[in-house]
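Secondary and tertiary structure notes
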Amino acid sequence: MLGLELAYWQETIIKLVLAFGVVLVPAGATVYLYLFKMVSFMQSRLGPMEAGPYGSLQLLAELGKSAQKEDIFPERADRFVFAAAPYVVIISSFLLALVVPFGPDAMFVNFDTGIFFALAVSSVSVIGVLMAGWASASKYSLMGGLRAAGQLIAYELPLVLAVVGVVIQAGTLNMSKIVEAQIEGEIFGWGAIGNPFILTQFVAFFIFFIAVQAELTQTPFDMPIAESELVAGYMTEYSGFRFLMFFIGEFATANIFAFLGATLFLGGWSVPPFVTDLIGIDPYSEAFNYIGPIVMITKMLLITFVIYWVRFTYPRFREDQLQRFAWKVLIPLALANIAVTGVAKVVF
Amino acid sequence: MSEFFREYLIVFFFILLAVAAVGGLIGLSSAIRPNRPSKGKIKNYESGVDPTEGGWSQSQIRYYIFALLFVMFDVEAVFIFPWATVLEELGWFGLVEMVIFIFILALGLGYAWRKGVLKWA
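Residues numbered from 1 in each chain as written. Chains lettered and ligands numbered in written order. Predicted model: local features only at pLDDT ≥ 70, side-chain atom pairs only at ≥ 80, totals over all residues. Heavy atoms only, no water.

1. Points about the interface of chain B and chain A
- In this complex, chain B contributes 65 residues to the contact, which on the side of chain A involves 72 residues.
- Carbon and sulfur atoms make up 76% of the area that chain B and chain A hide from each other, which totals about 6,700 Å².
- Inspection of the region where chain B meets chain A yields one salt bridge.
- Put simply, Arg33 of chain B and Asp71 of chain A hold a salt bridge, and the shortest N to O gap is 3.6 Å.
- The interface formed by chain B and chain A holds two residue pairs in polar contact (both at pLDDT 80 or more) in total.
- Element by element, the count of residues in the side of chain B that touches chain A is highest for helix α2 (residues 64–114) of chain B, at 23 residues.
- Class assignment for the residues of the side of chain B that touches chain A results in 42 nonpolar, 12 polar and 11 charged. (Contact = heavy atoms within 4.5 Å. Buried area = accessible area lost by both parts, 1.4 Å probe. Salt bridge = Lys/Arg side-chain N within 4 Å of Asp/Glu carboxyl O. Polar contact = N/O pair within 3.5 Å; in protein donor to acceptor, adjacent residues only side chain to side chain. Helix = DSSP H or I, 4+ residues; strand = E, 2+ residues; numbered from the N terminus. Nonpolar A, V, L, I, M, F, W, Y, C, P; charged D, E, K, R; others polar.)

Written out as structure tokens, the structure reads:
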């Protein structure tokens, strides 16, 4: 990793420390930037202003507030499952971060089945949500949990099938090689901007984006936690830090899905090849281990911006509309996209 | 340990890290949070009204048919991924095979659609 010779245990410890940075820091940053500030400006108000300059320490205040809340287990709850649910959700977020490449060598691990692994672990959080909803033994929680499970499995499919389009084009499941394929790619012999797959796989990107929005239970797909009818859905009975864990898990996962989207569709850590030609550096050089993360964060902020923009703009889907949309629109569209991409791949 | 398993060992470490992070934070807050249990506090929340009947109330589960469809398509996805990586070598043969495969599955979805199970009663 990064040209240093380290023993396995040293490397692992560095990776684990960095994992905290990758999972938690962007989560905090986007919550402040978008959830606190951007939405406030969109609604003609200032948002948090008291804690620190422009309310920048608001998150610490929220953390302190949550830490002081009493830890309540509802009387009928299944205590073990109730306590275990937040762990499962956070485990899913951390594992998702494992395969994201931030540079030619700057990544936690380079699985050959990278994107497949990411899709597999992303569905683990469903189990956590269902556990939370069931174990609370409360009507709101149970309904929220069931709705969440129904929604997450319905939108898991378009997500997976949309990614297949990218895999066909790149011819690999390895995340680094998918980025490579986008740098090397040419559009009808014109390679100045490479071939970020959003240009050829725009249908897949569209499906991927909607499915991610639904997987994260963000509005307009926030039926499972609809506050006006289910209080807080599967999180109703949680308090203090246990509640906060679901919250952190949701926003950390949002960022990591944005990282994945950037890798699959926007060229990942690379910059357009004409830029590297202009400066005269090799697109796979050592320098990109340091430039790469910055590029990735920029692209991540771009995608999360759209996620929250949509979140604060659209009203909620009804449960049946939501299911119908997944099964009757997105899945047939994704299947058609696979067929068309396959034909194009064989013809060209 | 073989190189292959060693690569996947980090998955285990990441799980440990996540458990430690959550456990650590909840443990940390136990030092400063109050603990004054009372009977009313541990009642299930039902918008301020006393909870009635059990928490695991009966409700119609409309999702099981969706769950079945999900299994069908998820298994399909497992088959599609390896195909997608080698499509270039397989050429037309592989493409036709997969189009037939997808068509059969789409037929299943179409059948469910016609039978009206995708419609909310």
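There's more to say after this.
2. A word on the confidence of the model for chain A
- Taken over all residues, the pLDDT of chain A has a mean of 82, while the share at 70 or more is 98%.
- Confidence scores differ between elements of chain A, with helix α9 (residues 227–230) of chain A showing the lowest mean pLDDT of 74 and helix α8 (residues 202–215) of chain A the highest of 89. (pLDDT = per-residue confidence, 0-100.)

3. Re the packing of helix α4 (residues 114–122) of chain A against helix α6 (residues 139–170) of chain A
Residues and elements named next belong to chain A.
- One can describe the packing of α4 onto α6 by two numbers: an axis separation of 11 Å at closest approach and a directional angle of 175°. On the basis of the axis angle, α4 is roughly antiparallel to α6. Here α4 contributes Ile115, Leu119 and Ser122 to the contact with α6, which in turn contributes Glu156, Leu159, Val160, Val163 and Val167.
- In terms of residue class, the contact of α4 with α6 is built from six nonpolar, one polar and one charged. (Axes fitted to C-alpha atoms, helices over the stretch in contact; angles between N-to-C directions. Parallel < 35°, antiparallel > 145°, perpendicular 65-115°, else oblique.)

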